[in-house]
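# Results of the structural survey
Each chain, letter by letter, is given below.
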Amino acid sequence: MDRPSSSTTSEALVSAIQQLHVEDVSELIDHHEDHPEEDHTGKGGYLFDSEEDKAALKSQRAQLWSWLKRVGSSLYRDGINLTKISLPVCLFEPRSFLERLTQNFEYLDLLVNAANSTDPVERMKYVVAFACSGLCRQVSFHKPFNPILGETYQSKFSNGVEVYCEQISHHPPISSWQMMDPSGKFMFFGNGNWTAGIKGNHVKGRQTGINCVQFADGSTINYELPGIIVTGVLWGQRSIRYGGEMKFVDDKNGITCDVEVDPQPHQSYISSWFRSKKSLGYKPDLIRGTLRKQAEVVDTCTGNWLHYLEWEKGVNKGKTKCVWDIKHSMLYPCQPVDNPLESDARNRKDVVYLKQGDQTQSQEWKHTLEEQQRHDRKLRKDGGCKESH
């Protein structure tokens with residue numbers, strides 16, 4: 001559908017939504033299991049521009065406009081918190097966020113290398129690469145289902161590293177995880193509170209919370225993740241971009257690393273009318289970071305969150321500068337365990353039916369589970385629970 005002009009009012013847009021004819025749609029399939037490629041358009045982000053993408057977008061948007069008929073003008077006037085509203089299953093992939101979360105960790109050898117390193121500075125370099133490499137693993141056409149309070153997911157890597165995930169809060173939605181090396185060299189744990197909102201033609205989101213890698217010698221590295229924006233939700237080119245800051249801290253060894261993702265050039269509002277970002281040296285999807293020990297700069301990194309990350313002085317006594325490269329670095333898929341708890345995310349009926357291609361049954365079960373969550377939350381509140389979960 002063509003993008004409305006800037007003069008279109010919310011009332012006129014809502015009127016157009018009400019008159020929109022929505023066609024029947026078929027099952028949507030995620031066609032992005034392969035690695036994303038670096039953007040060459042100069043606009044940045046990962047672009048969903050294949051013929052499969054375009055066909056899937058047409059079907060998905062037809063259902064989205066139908067959904068908007070029920071939502072009304074508040075979407076454009078006030079925006080919508082996506083963690084507090086029931087969305088149509090056409091937007092979802094057949095798995096829970098707990099399962100998708102483990103996909104972030106699939107460049108596992110970077111954490112193993114960090115654990116095997118005796119140099120705290122080199123260890124930090126590997127952890128920075130591990131965190132940045134996970135960003136491109138979250139590129140997907142669909143969003144995962146929001147986990148239900150108490151929902152779990154258990155999985156395991158081929159080297160024996162075990163992963164345990166659990167939804168520990170309903171509102172706000174908080175997912176917790178623990179990843180343990182069988183030899184005790186490291187443990188990666190944390191929790192993520194996803195905040196996301198849709199307004200107009202884009203979605204903005206961010207995962208806040210703890211990301212902590214703990215090593216056998218007692219040192220820890222804590223870090224935070226950047227924000228994400230999805231453009232072209234209802235019309236135009238669909239893309240995903242990351243942007244913001246990632247701060248890494250090793251208190252025991254006095255080491256920090258400040259990483260910028262897709263840093264924007266500094267310019268005034270007026271100057272932006274006359275000068276492009278490219279003319280100011282802007283490079284889309286850039287990663288750049290500064291590593292300090294006791295406030296002294298010891299190394300810097302550069303890269304692209306879709307492609308690679310390298311350190312100026314390198315690792316392994318300078319023999320290796322490019323620590324992560326999407327075209328050559330090995331992926332280690334995390335496999336679900338065979339006999340999980342009954343609360344496992346794969347047992348959800350809405351996920352099961354969507355995996356079978358039955359959107360109708362999936363939508364009905366999604367609604368049923370959401371109503372059950374609201375009922376359970378009311379019971380906890382009536383029973384004197386002080387926490388708003």
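About the thresholds
Residues numbered from 1 in each chain as written. Predicted model: local features only at pLDDT ≥ 70, side-chain atom pairs only at ≥ 80, totals over all residues. Heavy atoms only, no water. Helix = DSSP H or I, 4+ residues; strand = E, 2+ residues; numbered from the N terminus. Buried < 20%, exposed > 50% of the residue type's maximum accessible area, 1.4 Å probe, protein only. Contact = heavy atoms within 4.5 Å. Areas by Shrake-Rupley, 256 points an atom, 1.4 Å probe, with all protein chains shown as cover. Pairing = 2+ DSSP bridges. Phe/Tyr/Trp six-rings, centres within 6.5 Å; stacked < 30°, edge-to-face > 60°. Salt bridge = Lys/Arg side-chain N within 4 Å of Asp/Glu carboxyl O. Disulfide = S-S within 2.5 Å. Expected span 1.5 Å × (residues − 1). Polar contact = N/O pair within 3.5 Å; in protein donor to acceptor, adjacent residues only side chain to side chain. Core = buried A, V, L, I, M, F, W, Y, C linked by side-chain atoms within 4.5 Å. Axes fitted to C-alpha atoms, helices over the stretch in contact; angles between N-to-C directions. Parallel < 35°, antiparallel > 145°, perpendicular 65-115°, else oblique. Left-handed = near helix turned anticlockwise from the far one by under 90°. Nonpolar A, V, L, I, M, F, W, Y, C, P; charged D, E, K, R; others polar. pLDDT = per-residue confidence, 0-100.

## Observations regarding the overall build of the protein
Check the secondary structure of the protein and you find eight helices and 19 strands. Considering the protein as a whole, with its 389 residues, one finds that 47% of them fall into the buried category. Once local pairs closer than 6 in sequence are excluded, the contacts in the protein between residues at least 24 apart make up 60%. For the protein, the exposed area adds up to about 19,700 Å²; of that, 49% sits on carbon and sulfur atoms.

## Topic: the pairing of strand S6 (residues 162–169)
Relative to S6, strand S5 (residues 152–156) runs antiparallel, the two sharing five bridges. Counterpart to Thr152 in the pairing with S6 is Glu166. Counting the residues between successive antiparallel strands, the hairpin from S5 to S6 contains five residues, one of them, Gly160, with a positive phi of roughly 100°. Here S6 pairs with strand S7 (residues 174–180) via seven bridges, running antiparallel. Within S7, the position partnered with Gln167 by the bridge is Ser175. Counted along the chain from S6 to the antiparallel partner S7, the turn is four residues long.

## Examining the pairing of strand S3 (residues 92–96)
Counting buried residues along S3, four of its five residues qualify, which places the element largely inside the surrounding structure. Here S3 pairs with strand S4 (residues 143–145) via two bridges, running parallel. Considered in S4, the bridge of Phe92 is made with Lys143.

## Quick look at the packing of aromatic side chains
In total, this model carries 13 aromatic pairs according to the counting rule given. Arranged with centres 6.5 Å apart and planes meeting at 85°, the rings of Phe97 and Trp194 form a pair that is edge-to-face. Residue Phe97 is found in helix H4 (residues 97–101), and its partner Trp194 is found in strand S8 (residues 186–199); the two are separated by 97 residues along the sequence. Given the relative accessible area of 9%, Phe97 is considered buried. Clustering of aromatic rings is evident, with ring pairs tying together Phe105, Phe130, Trp177, Phe188, Tyr223 and Phe248.

## Focus: the pattern of salt bridges
Think of it this way: side chains of opposite charge can pair up when their charged atoms draw near. In the structure shown here, the tally under the stated rule is 15 salt bridges. In this structure, the salt-bridge partner of Arg100 is Glu93, at a minimum N-O distance of 3.2 Å. Classification of Glu93 as buried rests on a relative accessible area of 3%. The network of salt bridges with shared partners includes Glu93, Arg95 and Arg100.

## Re the state of the cysteines
Note: disulfide means a covalent bond formed between the sulfur atoms of two cysteine side chains. All told, the structure shown has zero disulfides when counted by the stated rule. The thiol of Cys334 is not disulfide-bonded; the next cysteine sulfur, from Cys165, is found 7.9 Å away.

## With respect to unusual backbone geometry
With an omega dihedral of 0°, the bond running from His171 to Pro172 counts as a cis peptide bond. Its place among the elements puts Pro172 in the loop between S6 and S7. Phi angles above zero are rare outside glycine, and Gln294 is one such case at about 50°. Mapped onto the elements of the fold, Gln294 is located in the loop between strand S15 (286–293) and strand S16 (296–304). Residue classification places Gln294 among the exposed positions, given a relative accessible area of 59%.

## Re helix H8 (residues 359–382)
Compared with the 34 Å implied by 1.5 Å per residue over 24 residues, the 34 Å span of H8 between its first and last C-alpha is a close match. Within H8, the full set of buried residues consists of Gln359, Ser362, Lys366, Leu369, Glu370 and Gln373. Of the residues that open H8, the one with a side-chain oxygen 3.3 Å from the backbone nitrogen of Thr360 is Asp358. Following H8 by one or two positions, Gly384 adopts a phi angle in the positive range, close to 100°.

## Comments concerning the nonpolar core
Counting 80 residues, the largest nonpolar core has Met179, Phe248 and Trp305 as the members making the most contacts within it. Per-element tally for this core: the top contributor is helix H6 (residues 120–133), with nine residues. Apart from residues no more than four positions distant in its own chain, Phe248 is found in contact with Met124, Val127, Val128, Ala131, Ile221, Asn222, Tyr223, Ile255, Thr256, Cys257 and Val259.

## A look at the packing of helix H5 (residues 109–116) against H6
Look at H5 against H6: their axes get within 8 Å of each other, and the N-to-C directions meet at 165°. Between H5 and H6, the interaxial angle falls into the category roughly antiparallel. The two elements H5 and H6 meet at a crossing, and its hand is left-handed. Contacts from Leu110, Leu111, Asn113, Ala114 and Ala115 in H5 reach Arg123, Tyr126, Val127, Ala129, Phe130 and Ser133 in H6. Considered class by class, the residues forming the contact of H5 with H6 number eight nonpolar, two polar and one charged.

## Some points on the confidence of the model for the protein
Looking at the protein, pLDDT values average 84 and 80% of them are 70 or higher. For residues 1–39, every residue scores under 50 in pLDDT, and the model assigns this stretch 66 contacts once sequence neighbours within four places are set aside.

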